[in-house]
Amino acid sequence: MRVLGLSGSLRSGSYNTSLLRAAGRLLPPPADLEIYTDLAAVPPYSEDLDLERAHPAVEQLRRAIASADALLIATPEYNSSIPGHLKNAVDWVSRPFPDNVLRRKPVAVIGASTGLFGAVWAQAELRKVLTTLGAAVLDAEVAVPAAHAAFADDGRLRDPRLATALQRTVDELAASQASRAA
Ligand code: FNR
């Protein structure tokens, strides 16, 4: 089983990318996580550019999502909402709407912020958007606050409750794919 990881942060030292890596280590084998690294290449959405053959970066993202068994998205919160480039990428892959690549795709949303609440608003909004597109969005939430202090040197989450919540989420994501395949 191949899980595609999307980080909502383009920052090189991103805590959300760290959270994806921590999640990847917890995925039950044979599932594994591949973190998508080309989100920054996706252009701003325009219907003028949304042609049968879209921008190569868009085509690449659509193919990566279509070929993944499940998606794990770690998002920061920017001004109480979804970071613009992540929403932009979702807007691109939402077309063509009836058979967009997210439809029926198992997706888990997690998030980290340096604030007190762990990007809960951005996560909630992203779940709403993904549900609208027909994705099979897990209810599970992992909200990592004070992200600058949340990770141990080996990359694991320091807080055992958060580590358990992350483990449950990746287990549920793996199981949702298994039940979909059955
Ligand atoms: C933030 N940050 C932030 N944090 C939060 O908890 N709620 C918020 O609304 C915002 N808004 C916000 C806007 C912008 C433009 C930036 C750059 C940052 C802080 C944010 O949580 C922090 O920068 C994280 O470290 C971002 O995640 P990555 O890049 O570490 O994954």
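Going by the structure above, here's the rest.
A quick note: this is a predicted structure, and the numbers were derived from the prediction, not measured. (Residues numbered from 1 in each chain as written. Predicted model: local features only at pLDDT ≥ 70, side-chain atom pairs only at ≥ 80, totals over all residues. Heavy atoms only, no water.)

1. What to know about the pattern of salt bridges
Tallied over the full model, the rule gives 7 salt bridges. Two residues, arginine 156 and aspartate 154, come together in a salt bridge whose shortest N-O distance is 3.0 Å. The exposure class of aspartate 154 is partly exposed, given its relative accessible area of 40%. It is possible to trace a salt-bridge network through shared partners that takes in Asp50, Glu59 and Arg62. (Salt bridge = Lys/Arg side-chain N within 4 Å of Asp/Glu carboxyl O. Buried < 20%, exposed > 50% of the residue type's maximum accessible area, 1.4 Å probe, protein only.)

2. Considering unusual backbone geometry
Cis geometry marks the peptide bond from proline 29 to proline 30, where omega comes out at 10°. Here proline 30 shows up in the loop between α1 (15-26) and β2 (32-35). Within the chain, asparagine 79 stands out as a residue other than glycine whose phi angle is a positive 50°. With respect to the element layout, asparagine 79 can be found in the loop between β3 (70-75) and α3 (84-93). Of note, alanine 146 is a non-glycine position whose phi angle comes to about 45°, a positive value. (Helix = DSSP H or I, 4+ residues; strand = E, 2+ residues; numbered from the N terminus.)

3. Some words on the site of the ligand
The local shell around the ligand holds 13 residues, among which Ser9, Arg11, Ser14, Asn16 and Ser80 are the closest. Tyrosine 15 is positioned such that a nitrogen or oxygen atom in its backbone is 2.9 Å from an oxygen atom of the ligand. Between the ligand and the protein, one listed contact pairs a nitrogen atom with a backbone N or O atom of asparagine 79 at 2.8 Å. For the ligand, whose free accessible area comes to 610 Å², the fraction covered by protein is 70%. Per-class residue counts for the shell around the ligand are 3 nonpolar, 8 polar and 2 charged. (Near = heavy atom within 4 Å. Polar contact = N/O pair within 3.5 Å; in protein donor to acceptor, adjacent residues only side chain to side chain. Areas by Shrake-Rupley, 256 points an atom, 1.4 Å probe, with all protein chains shown as cover. Nonpolar A, V, L, I, M, F, W, Y, C, P; charged D, E, K, R; others polar.)

4. Remarks on the nonpolar core
Core analysis: the largest hydrophobic core is formed by 29 residues, its most contacted members being Leu61, Leu102 and Leu130. Secondary structure elements with two or more residues in this core: β1 (2-7), α2 (56-67), β3, α3, β4 (106-112) and α4 (120-132). Setting aside chain neighbours within four positions, we find leucine 102 in contact with Ile65, Leu71, Val90, Val93, Val107, Leu130, Leu133, Gly134 and Ala135. Core analysis: the next-biggest nonpolar cluster, separate from the first, contains 24 residues, Leu19, Ala31, Ala147 and Leu166 among them. (Core = buried A, V, L, I, M, F, W, Y, C linked by side-chain atoms within 4.5 Å. Contact = heavy atoms within 4.5 Å.)

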